Amino acid sequence: MSEWVKSERQVERERVRRSRARRSASIATASTVVFIVLVAWGITSSPGWPRVRETFFDGEQFVAALPDVLEGFLLNIRIFLISEVLILVIGLLVALARGIRTPAFFPIRALATLYTDVFRGVPTILVIYLIGFGLPALKLQGIPTDKATLGIIALTLSYGAYVAEVFRAGIESVHPSQVAAARSLGLSHVKTMRFVVVPQATRRVVPPLLNDFVSLQKDTALVATIGPLEALRQAQMHTFNTFDYTPYLAAALIFILLTIPMARLTDHLAARTRRRRGA
Amino acid sequence: MSLLTPGKLTIGTDKPAFEPWFKDDDPSNGQGFESAVAFAVAGELGFDRSEVQWSTVKFDAAFAPGDKQFDFDINQVSITPQRAEAVDFSKGYYTVKQAVVVSEKGKFAGANSLAELKDAKIGVQVGTTSFNAVRDVIQPADDPDVFNDQIDVVTALKNDQVDAVVVDLPTAFYVTAAQVENSKIVGQFSSTGGTPEEFGLVMEKGSALKSCVDKAVDALKSKGELAKIEQQWLGSAAGAPELR
């Protein structure tokens, strides 16, 4: 048997494909370069550029502020790691509570609905303000005085409402036949939820959940309003000392460096889900 | 002379404008120390009261690059060499000292030296020189809490979220007299130790107005006008014990 060789037509086809790929790659590169050059030229030739470069891109100020901003950022990380766990718990509980159909538990359902309505409606920064200054004003025993803790409570309340809605959407997306099948196997409502519905729902909502967490990571900066020295506040203090805005840029960069991996992970998981469904 | 609005002198300050620097949150009424100083400077520059207009400028907008919404800004801004690289300051119109306010019932009510405040949780307002003063002079064990504005600083003191707050002395008198019941000033201290800290009017870097404004401030000083305004609006702000 003679060895398989590509037909002339196939060789030609591949050649054309390669040359087309090369061509589109070089066009993409060229247009990107032109685009960057135009934007850079547009910005640097604007009349205010020298002043903007001085106040936003001052290397010395960047280096001076970075250690403090990084130190503040450790607090941001602590805040969001703790709140993320609490938010998952609260969000799932509230979503489940909204799904209860037993009449006797109506108050719980109503309370869960009220909670999501209120905390999704109120801007996060307001929740932080009200919790951060309102709770300590009660001067009750056992109310935390630590500002980061108050911030975690506020963020958990606010994001718990969003995440509850994400979970609810996931739970409702599980086909009713799944519930019917589980019930007909003799599983109780609780077991149906635990072994059949929630696992499927959770898998479906992982990308939107991660998206909410990216958002949460940024919003830890809002906790600055109630006192603690987190990254944004550290940057702000440098800026107010020197009247130079570069420290803000340092803070922005650190936040981006943290949220980009998270965003890529979200993309990756979404793509994997699509592949698994055979789309 | 190039002005923001021809024929008018536009003066910026933040909102809300606090006592004793302004009165009734209305800079244009000429009442309160900084309002009075602003109108006096305007008068020296040859502007009638009706030719002065006020514009609301957030603290950080006063030094942001780009077009300024004021000819000069008056907002208790302390003159520092670093800040002077980004904006022009007039000559100082007020020498300021930092003061420590505590709750009368708190455990620091009896403090009479800086060393006794080392263990206190202290609150300051962001953007003020108070933070540096606390860190450099008091050197407390914990970093101070930093709040967005004066109201939040005061609220934190009321709520016992902080043991003490550090503000400039005139503000301290206002806090104890009008804002927080059962609070008291334990004393004042110099923030730098060396050169006295002064408030200056803020102008755009390279402002053509600077030399005129400097002359106006000097004239008000030599005529005793500044001292008179200070006596009228900040008169009570004297005689707090010196903390060392």
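Residues numbered from 1 in each chain as written. Chains lettered and ligands numbered in written order. Predicted model: local features only at pLDDT ≥ 70, side-chain atom pairs only at ≥ 80, totals over all residues. Heavy atoms only, no water.

(A) Representation of the overall build of chain A in the model. The helix and strand inventory of chain A stands at ten helices and zero strands. Each helix and strand of chain A, ordered N terminal to C terminal, gives the series α-α-α-α-α-α-α-α-α-α. Computed over its C-alpha atoms, the radius of gyration of chain A comes to 26 Å, more than 25% above the 19 Å expected for a compact globule of 279 residues. Buried residues in chain A amount to 36% of all 279 residues. In the form shown here, chain A has an accessible surface area of approximately 16500 Å², with 67% of it arising from carbon and sulfur atoms. (Helix = DSSP H or I, 4+ residues; strand = E, 2+ residues; numbered from the N terminus. Rg over C-alpha atoms; globule rule 2.2 N^0.38 Å. Buried < 20%, exposed > 50% of the residue type's maximum accessible area, 1.4 Å probe, protein only. Areas by Shrake-Rupley, 256 points an atom, 1.4 Å probe, with all protein chains shown as cover.)

(B) Just the interface of chain B and chain A, in detail. Tallying the contact residues gives 33 residues for chain B and 26 residues for chain A. Between chain B and chain A, the buried area comes to about 2600 Å², and carbon and sulfur atoms account for 55% of it. When residues of chain B are sorted by the area they lose upon contact with chain A, F63, P65 and Q161 of chain B head the list and together hold 23% of the total. Residues D160 of chain B and K139 of chain A are paired through a salt bridge, measuring 3.1 Å at the closest nitrogen-oxygen approach. Where chain B touches chain A, the interface holds 13 residue pairs in polar contact (both at pLDDT 80 or more). (Contact = heavy atoms within 4.5 Å. Buried area = accessible area lost by both parts, 1.4 Å probe. Salt bridge = Lys/Arg side-chain N within 4 Å of Asp/Glu carboxyl O. Polar contact = N/O pair within 3.5 Å; in protein donor to acceptor, adjacent residues only side chain to side chain.)

(C) Layout of the nonpolar core. Of all hydrophobic cores here, the largest spans 57 residues; its most connected members are I79, L155 and L216 of chain A together with V101 of chain B. Looking at this core, the element that brings in the most residues is helix α6 (residues 147-173) of chain A, giving twelve residues. Look past the residues within four positions of I79 of chain A in its chain and what remains in contact with it is A148, I152, L155, T220 and V223 of chain A. (Core = buried A, V, L, I, M, F, W, Y, C linked by side-chain atoms within 4.5 Å.)

(D) Region of the structure containing helix α5 (residues 124-137) of chain A. Relative to the 20 Å expected for 14 residues at 1.5 Å per residue, α5 of chain A spans 20 Å between its end C-alpha atoms, a close match to the ideal helical length. Along α5 of chain A, the residues that are buried comprise T124, V127, I128, I131, G132, F133 and P136 of chain A. Looking at the packing, one finds that the buried side of α5 of chain A touches α4 (106-121), α6 and α8 (189-219) of chain A together with β8 (145-147) and α3 (150-158) of chain B. (Expected span 1.5 Å × (residues − 1).)

(E) The arrangement of the UniProt feature "domain: ABC transmembrane type-1" (unreviewed entry) in chain A in detail. The feature "domain: ABC transmembrane type-1" (unreviewed entry), as given by UniProt, occupies residues 73-266 of chain A in the numbering adopted here. Segment residues 73-266 of chain A splits into 81% helix and 0% strand. End C-alpha atoms: 22 Å apart. (UniProt positions renumbered as here; feature names shortened; annotations may be inferred.)

(F) Structural context of the UniProt feature "transmembrane region" (unreviewed entry) in chain A. Residue and element names in this part refer to chain A. On the UniProt side, "transmembrane region" (unreviewed entry) is annotated at positions that read residues 21-43, 77-97, 118-138 and 245-266 here. The span residues 118-138 is 86% helical and 0% strand by assignment, and the distance between its end C-alpha atoms comes to 21 Å. With 95% helix and 0% strand, residues 245-266 has end C-alpha atoms that lie 32 Å from one another.

(G) Fine view of the packing of α3 of chain B against helix α4 (residues 169-179) of chain B. Residue and element names in this part refer to chain B. Taken N-terminus to C-terminus, the directions of α3 and α4 make an angle of 55°; their axes are 12 Å apart at the nearest point. Viewed along their axes, α3 and α4 adopt a mutual orientation that is oblique. α4 is crossed by α3, and the crossing has right-handed handedness. Residues Q150, I151, V154 and K158 of α3 lie in contact with α4, whose contacting residues are T171, V175 and Q179. Across the contact of α3 with α4, the residue classes break down as three nonpolar, three polar and one charged. (Axes fitted to C-alpha atoms, helices over the stretch in contact; angles between N-to-C directions. Parallel < 35°, antiparallel > 145°, perpendicular 65-115°, else oblique. Left-handed = near helix turned anticlockwise from the far one by under 90°. Nonpolar A, V, L, I, M, F, W, Y, C, P; charged D, E, K, R; others polar.)

(H) Representation of unusual backbone geometry. Residue and element names in this part refer to chain B. Of note, the bond from K15 into P16 is cis; its omega dihedral lies within 30 degrees of zero at 0°. Mapped onto the elements of the fold, P16 is located in the loop between β1 (9-13) and α1 (33-44). E19 connects to P20 through a cis peptide bond whose omega is 0°. The topology assignment puts P20 in the loop between β1 and α1. In this structure, Q139 takes a positive phi of about 50° despite not being glycine. Counting through the fold element by element, Q139 comes out in the loop between α2 (130-138) and β8.

(I) How the structure looks around the side chain of E165 of chain A. Residues and elements named next belong to chain A. Position of E165 relative to the elements: it lies in helix α6. A distance of 2.8 Å separates a polar atom in the side chain of E165 from a polar atom in the side chain of R98. Apart from the residues within four sequence positions on either side, E165 is in contact with R98, T116 and R120.

(J) Seen up close, the packing of aromatic side chains. Summed over all chains, the structure comprises 24 aromatic pairs over all chains. Between F243 of chain A and F63 of chain B, the ring centres sit 3.9 Å apart and the planes meet at 5°, which makes this aromatic pair stacked. Here the residue F243 of chain A occupies a position in the loop between α9 (231-242) and α10 (246-276), and F63 of chain B occupies one in the loop between β2 (52-56) and β3 (72-73), the pair thus bridging two chains. When its relative accessible area of 0% is taken as the criterion, F63 of chain B is described as buried. Here a set of aromatic residues connected by ring pairs shows up, and it is made of F56, F240, F243, Y245 and Y248 of chain A together with F59, F63 and F89 of chain B. (Phe/Tyr/Trp six-rings, centres within 6.5 Å; stacked < 30°, edge-to-face > 60°.)

(K) Geometry of the environment of I128 of chain A. Residue and element names in this part refer to chain A. By secondary structure assignment, the location of I128 is in helix α5. For the pair I128 and S215, spaced 87 residues apart in sequence, the C-alpha to C-alpha distance is 15 Å. With sequence-adjacent residues up to four places away left out, I128 is seen in contact with F133, A154, L155, L222, V223, T225 and I226.

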